[in-house]
Amino acid sequence: MESTVTYESDLNLKATELRLGLPGTDEYEKQTPPSVRSNKRSLPDIIEESDTGDREAPVTKAQVVGWPPIRSYRKNSFQPKKIEAEATGIYVKVSMDGAPYLRKIDLKVYKGYPELLKALENMFKFTIGEYSDREGYTRSEYALTYEDKDGDWMMVGDVPWDMFMSSCKRLRIMKGSEARGLGCAV
Amino acid sequence: MAFSFPEEVLEHIFSFVHSDKDRNAVSLVCKSWYEIERCCRRRIFVGNCYAVSPRIVVRRFPEILSLSLKGKPHFADFDLVPEGWGGYVHPWIEVMAEAYPWLEELRLKRMVVTDETLELISRSFKNFKVLILSSCEGFSTDGLAAIAANCRNLRELDLGESEVDDLSGHWLSHFPESCTSLESLNIAYLGLEVNFSALERLVGRCTNLRTLRLNRAVPLDKLSNLLRQAPQLVDLGTGAYSAELHPEVYSKLAATFTCCKKIKSLSGFWDAVPAYLPALYSICSGLTSLNLSYATIQSPDLIKLVSQCHNLQRLWVLDHIEDIGLHAIAASCKYLQELRVFPSDLYGEEPDVFLTEQGLVSVSEGCPNLHSVLYFCRQMSNAALFTIARNRPNMTRFRLCILEPHAPDYLTLKPLDAGFGAIVEQCKYLRRLSLSGLLTDHVFKYIGTHAKRLEMLSVAFAGDSDLGLHHVLSGCTSLRKLEIRDCPFGDKALLANAAKLETMRSLWMSSCSVSFGACKLLGQKMPRLNVEVIDEGGHPESRPDDSPVEKLYIYRTVAGPRFDMPDFVWTMDEESALRLS
């Protein structure tokens, strides 16, 4: 097999400009900030992040298969001990008054109420509005409620997040007269 | 030739030749040496179980006592090799059972081992002594029970990081009361609790036990009792190292450790709690190896512990050690040879730990014997790499993992080509290198030019073109293993350097730009290579020849194509190439 191959057609030799200079004397002009990957093959299995760096919910964080190169035992050993529960996820249905179909979300993905609210606002394109200490979300048309283990409909935000995660069976975004004045406790 | 040594004399001389490389060289001298050598060889190492068939091995070497086999490619550790790819050891054991009834040692890495295999091992080899299963899978505790029950002279049982199907903790009870031969037991990665009283009795009666590595399920309050039965231990892996702070438990533990004067190696420490660390202080000065990589302890407590380990040669730790901890190590652990720093928070955005490139620079300055490094970090600079290279020209293994792919020199925003270039230029004995960060074809030019002793290279998210791959394949004369993922390397370099591939053990390429057509061509032209295309998206022939394959694994072999492949792996050889074209 030949060892010298002409590369002129595809390989822009000027750009690579091989020299045998010492390391450190390299005047490599092309600056490629991480977000620009022109002639590189696009990274597979990566969910693209928005350029503003605005992280919405943890699920949009780029996760490449097999990277960083860590064995699975080590990866798994740092999750909280309830490893089985971690793997399955807590999926609950979310309904919004007036919307033709429901959605489903995994509560485990969120670290707390603010993240959950933001995610729901994005998902259903509404705002829960501003929060005031005395009156809750009085200016909002919406109220966020959930059905708990006993079948009762509760206001989201009253109990600690962990307790909420384990007792929430489904979510309902109420709208209209039922909602007005109730708001959300978060 | 007038004079030659009698066979017995040559055999005796050969018995002093131990390394495989030297043995292989001996066997090439002449036909009679080949014959004598093959009959007296006792240990075999097969780096790729598909490079040779068990029958070929057995035909050449009639009396083997120890066999080491490796199966899956290294990237299988990171879930890049799909389940079912291969690496089955059973066919080997079937052949060995007939040919080597006196086999004593089996060391397997990344292989699929079934309960059936373990049972066969336990029944076939009457004098079986050593079973080491690193990163293996496919078996359960039932198989272990068979080994425990039937291997009367078992000396070493090491389950490494194997994935074991935990059916019952009672497998340990299958060691008969008459078994006292155990010298080494490593069950550190077993998930389920083992029968503790059986373990205690086993430890108590095996007075030659040197190595004992427990799993996370063994609680701290039971450790003292266990250790008191084995004060002769040299290598200890604790179980979970946490408990409510009880003065009694603590003082008992501390007292126990003072009696274990021979401990040189410590590991385990799952869920470690700082309050119990001082119990170890009495043995710190004797430690040569310390693995704290499962201990999520913060740097102040880590520093207090590690700075007492003046004789430490190997340290594995989490990035909780931080730069400040590494400065302390540079000052206290002057005999350090190997350092591994693992990341604790993989998906966090703003990490709490303050570990930068400075920590590594510090250790490279303070520890003159440091030659093996595995370092996960979030930032690196060319300047730091220059310094490390200058400080440690004796480096033999350098694996750097900057967590963010394509991360540039954080100071200059330039690629890290020059920094890694310095490493390969200064460290003339470098055998293993893993690259990360923003890298262009330049870094490969440096590697091809300077890394003449490099045997293993791992590359991810690097390079611009085929020129990069070409530099490595044409320049690295000692290269044995090359593994590449997510790089824009295609057909040209591979085809131009096809002959090189026969001088290497294996080449792995995934998410690159190698076309199906090139794979076919390579398979056709190189009969002594197995060119395996791995594609879970269906047979590549359903796509045009120039479309890239998902994964490619090429290895040299004298055994021809294998027949145990799953339906997403195809070997490109002359026959299949003709069939497909």
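Conventions used here
- Throughout this document, residue positions are counted from 1 along each chain, in the order its sequence is written.
- Just so you know, chain letters begin at A and ligand numbers begin at 1, following the order they were written in.
- Where local features are concerned, this predicted model is filtered to residues with pLDDT of at least 70; where side-chain atom pairs are given and counted, the filter is 80 or more; whole-chain, interface and lining totals use all residues.
- Hydrogens and water molecules were not included; the side-chain quantities draw on all heavy atoms of the structure.
- A run of DSSP states H or I qualifies as a helix once it reaches four residues; a run of E qualifies as a strand once it reaches two. Both are numbered from the N-terminal end.
- Note that the radius of gyration is over C-alpha atoms, with the globule rule given as 2.2 Å times the number of residues to the power 0.38.
- Using a 1.4 Å probe on the protein chains alone, a residue whose accessible area is under 20% of its type maximum counts as buried, one over 50% counts as exposed, and one in between counts as partly exposed.
- Residue contacts are counted whenever heavy atoms from the two residues lie within 4.5 Å of one another.
- For the accessible areas, the method is Shrake-Rupley and the probe is 1.4 Å, while residue cover comes only from the protein chains on display.
- The charge count treats Lys and Arg as positive and Asp and Glu as negative. His and the chain ends do not count.
- Just so you know, the charge point we use is NZ for Lys, CZ for Arg, CG for Asp and CD for Glu.
- Only buried Ala, Val, Leu, Ile, Met, Phe, Trp, Tyr and Cys residues count toward a nonpolar core, and they belong to the same one when joined by side-chain atoms within 4.5 Å.
- Strand pairing is defined by DSSP finding a minimum of two bridges between the two strands.
- Classification remark: right-handed applies to a crossover when, strands pointing away from the viewer, the course from the first strand over the helix to the second runs clockwise.
- Structural elements are reduced to axes, namely lines fitted to C-alpha atoms, with helices fitted over the stretch in contact, and the angle between N-to-C directions of any two is expressed from 0 to 180 degrees.
- Comment on the angle field: the value is read as roughly parallel under 35 degrees, roughly antiparallel over 145, roughly perpendicular from 65 to 115, and oblique elsewhere.
- When the near helix sits turned anticlockwise from the far one by under a right angle, the crossing is termed left-handed; a clockwise turn instead gives a right-handed crossing.
- UniProt positions are given in the numbering used here, feature names are shortened, and annotations may be inferred rather than shown by experiment.
- Disulfide: a pair of cysteine sulfur atoms within 2.5 Å of each other.
- Each patch is assembled from residues with relative accessible area greater than 30% and no salt bridge, linking like charges that lie within 9 Å and nonpolar side chains (Val, Leu, Ile, Met, Phe, Trp, Tyr) that lie within 5 Å.
- For salt bridges, the criterion is a side-chain nitrogen of Lys or Arg within 4 Å of an Asp or Glu carboxyl oxygen.
- Pairing of aromatic rings covers Phe, Tyr and Trp, the last counted by its six-membered ring, and requires centre-to-centre distances within 6.5 Å; plane angles under 30 degrees mean stacked, over 60 mean edge-to-face, and any other angle means tilted.
- A ring is considered to have a charge above it if a Lys NZ or an Arg CZ atom is located within 6 Å of its centre and within 35 degrees of its normal.

Trainee: Hey, could you run me through the overall build of chain B in this one?
Mentor: What chain B contains, in helices and strands, is 21 helices and 23 strands. For 581 residues, the compact-globule estimate of 2.2 N^0.38 gives 25 Å, and the C-alpha radius of gyration of chain B, at 25 Å, lies within 12% of that figure. Projected onto its principal axes, the C-alpha positions of chain B cover 75 × 65 × 60 Å. Per-residue burial over chain B gives 61% buried out of 581 residues. Taking as baseline every contact in chain B between residues at least 6 positions apart, the subset at least 24 positions apart corresponds to 71%. Roughly 22,600 Å² of accessible area belongs to chain B as shown, and the carbon and sulfur atoms make up 52% of that amount. Considering chain B, the positive charge centre built from 61 side chains and the negative charge centre built from 70 side chains are found 8 Å apart.

Trainee: How do you make sense of the nonpolar core when you look at a structure like this?
Mentor: The nonpolar side chains of a soluble globular protein tend to be buried with one another. In this structure, Y241, F257, F398 and I447 of chain B are the most contacted members of the largest nonpolar core, which totals 178 residues. With sequence-adjacent residues up to four places away left out, F398 of chain B is seen in contact with L360, V373, L385, I388, F420, I423, L430, R432, L433 and S434 of chain B. Formed by 24 residues, the second largest nonpolar core is a distinct cluster that contains M96, Y110, I128 and W161 of chain A.

Trainee: Quick question: what am I supposed to make of the pairing of strand β15 (residues 372-377) of chain B here?
Mentor: The side chains of a regular strand alternate, residue by residue, between the two faces of the sheet. All names here are of chain B. In terms of burial, β15 is a largely internal element, 6 of the 6 residues being buried. Every second residue of β15 is oriented toward a common face, with S372, L374 and F376 on one face and V373, Y375 and C377 on the other, all of them buried. Pairing between strand β14 (residues 338-342) and β15: 4 bridges, direction parallel. Looking at β15, one finds that L339 is bridged to V373. Of the strand pairs in this sheet, β15 and strand β16 (residues 397-402) are connected by 6 bridges, and their pairing is parallel. Note that in β16 the partner of Y375 across the bridge is L400. Handedness of the β-α-β unit built from β15, helix α14 (residues 382-391) and β16 comes out right-handed.

Trainee: Teacher, can you tell me more about unusual backbone geometry here?
Mentor: Glycine aside, residues mostly have negative phi angles, and peptide bonds mostly take the trans form. Here W67 of chain A and P68 of chain A are connected by a cis peptide whose omega angle stands at -5°. As for its position among the elements, P68 of chain A is in the loop between α1 (13-16) and α2 (72-77). The phi angle at K125 of chain A is positive, at roughly 55°, despite the residue not being glycine. Take K125 of chain A: it is sitting in the loop between α4 (113-124) and β3 (142-147). Notably, D271 of chain B is not glycine yet its phi reads approximately 55°, a positive angle. In this fold, D271 of chain B is placed in the loop between β11 (265-267) and β12 (289-291).

Trainee: Can you help me understand the packing of helix α1 (residues 7-14) of chain B against helix α3 (residues 31-40) of chain B in this one?
Mentor: How two helices pack is summed up by the angle between their axes together with the distance between the axes. Residues and elements named next belong to chain B. Across the interface, α1 lies against α3 with an axial gap of 10 Å and an inter-helix angle of 60°. Between α1 and α3, the crossing angle belongs to the class labelled oblique. Note that α1 runs across α3; the crossing there is right-handed. Between α1, through E7, L10, E11 and F14, and α3, the contact on the second element is made entirely by W33, I36, E37 and C40.

Trainee: Teacher, can you tell me more about the UniProt feature "domain: F-box" (unreviewed entry) in chain B here?
Mentor: Cross-referencing UniProt, the feature "domain: F-box" (unreviewed entry) maps to residues 5-46 of chain B in the present numbering. Secondary structure within residues 5-46 of chain B divides into 62% helix and 10% strand; the distance between the first and last C-alpha atoms comes to 31 Å.

Trainee: Sorry if this is basic, but what is going on with the environment of E177 of chain B here?
Mentor: All names here are of chain B. With respect to the element layout, E177 can be found in the loop between β7 (163-165) and β8 (184-186). Of the residues examined, E177 reaches a relative accessible area of 52% and is grouped as exposed. Counting along the chain gives 21 residues from E177 to A198, while the straight-line C-alpha distance between them is 9.7 Å. Sequence-distant contacts of E177, defined by excluding residues within four places in its chain, comprise R201 and R205.

Trainee: Looking at this structure, I do not really get the state of the cysteines. What am I missing?
Mentor: Defined simply, a disulfide is a covalent bond joining two cysteines at their sulfur atoms. Residue and element names in this part refer to chain B. By the definition in use, this model includes 0 disulfides over all chains. With no disulfide partner, C151 has as its closest neighbouring cysteine sulfur the one in C179, 9.4 Å distant. Here C151 falls in the buried class, since its relative accessible area comes to 3%. The closest cysteine sulfur to the non-disulfide-bonded C309 is located on C284, 3.7 Å from its own sulfur. By relative accessible area, which is 0% here, C309 ends up buried.

Trainee: What exactly am I supposed to notice about helix α7 (residues 141-150) of chain B here?
Mentor: Count 3.6 residues to each turn of an α-helix, and residues three or four apart come out pointing the same way. Most of α7 of chain B sits out of view: 7 of its 10 residues are buried. In the core, the buried residues of α7 of chain B are packed alongside α6 (115-124), β4 (130-134), β5 (137-140) and β7 of chain B.

Trainee: Looking at this model, I keep getting lost on a nonpolar patch on the surface. Mind explaining?
Mentor: On the surface, F5, V9 and I13 of chain B cluster together into a nonpolar patch covering about 250 Å² of accessible area. Take F5 of chain B: it is sitting in the segment before α1.

Trainee: Help me understand the sheet that holds β3 of chain A in this model?
Mentor: Picture the strands of a sheet paired through backbone hydrogen bonds; they go either parallel or antiparallel. All names here are of chain A. Strand order in the open sheet made by the 5 strands is β2-β1-β5-β3-β4, with mixed pairing throughout. Looking at strand neighbours, the two that pair on one side only are β2 (103-106) and β4 (153-155), the edges of this open sheet. Recorded for the sheet is a direction-independent mean angle of 30° between the axes of neighbouring strands. Along the sheet, α4 makes contact with β1 (91-96), β2, β3 and β5 (170-175), crossing β2 at roughly 155°.

Trainee: What exactly am I supposed to notice about the side chain of T211 of chain B here?
Mentor: Along the polypeptide, T211 of chain B turns up in strand β9 (residues 211-213). Residue classification places T211 of chain B among the buried residues on the basis of a relative accessible area of 14%.

Trainee: Explain the packing of aromatic side chains to me, please; I cannot follow it from the model alone.
Mentor: Each aromatic ring pair is described using two quantities: the centre-to-centre distance and the angle formed by the ring planes. In the structure shown here, the tally under the stated rule is 25 aromatic pairs over all chains. Taken together, a centroid distance of 6.4 Å and an interplanar angle of 85° make the contact between F75 of chain B and W508 of chain B edge-to-face. One end of the pair, F75 of chain B, is in the loop between β2 (66-70) and α5 (90-99); the other, W508 of chain B, is in strand β20 (residues 506-510), with 433 residues separating them in the sequence. Assessed through its relative accessible area of 6%, F75 of chain B is described here as buried. Residue W508 of chain B is classed as buried on the basis of its relative accessible area, which comes to 2%. By the ring-pair criterion, three or more aromatic residues cluster together here, those being Y50, F75, F78, W85, W508, Y553 and Y555 of chain B. Above the face of the F342 of chain B ring, R74 of chain A is positioned so that its terminal group lies 3.7 Å from the ring centre. Taking the ring centre of Y50 of chain B as reference, the NZ or CZ of R562 of chain B above it sits at 4.4 Å.

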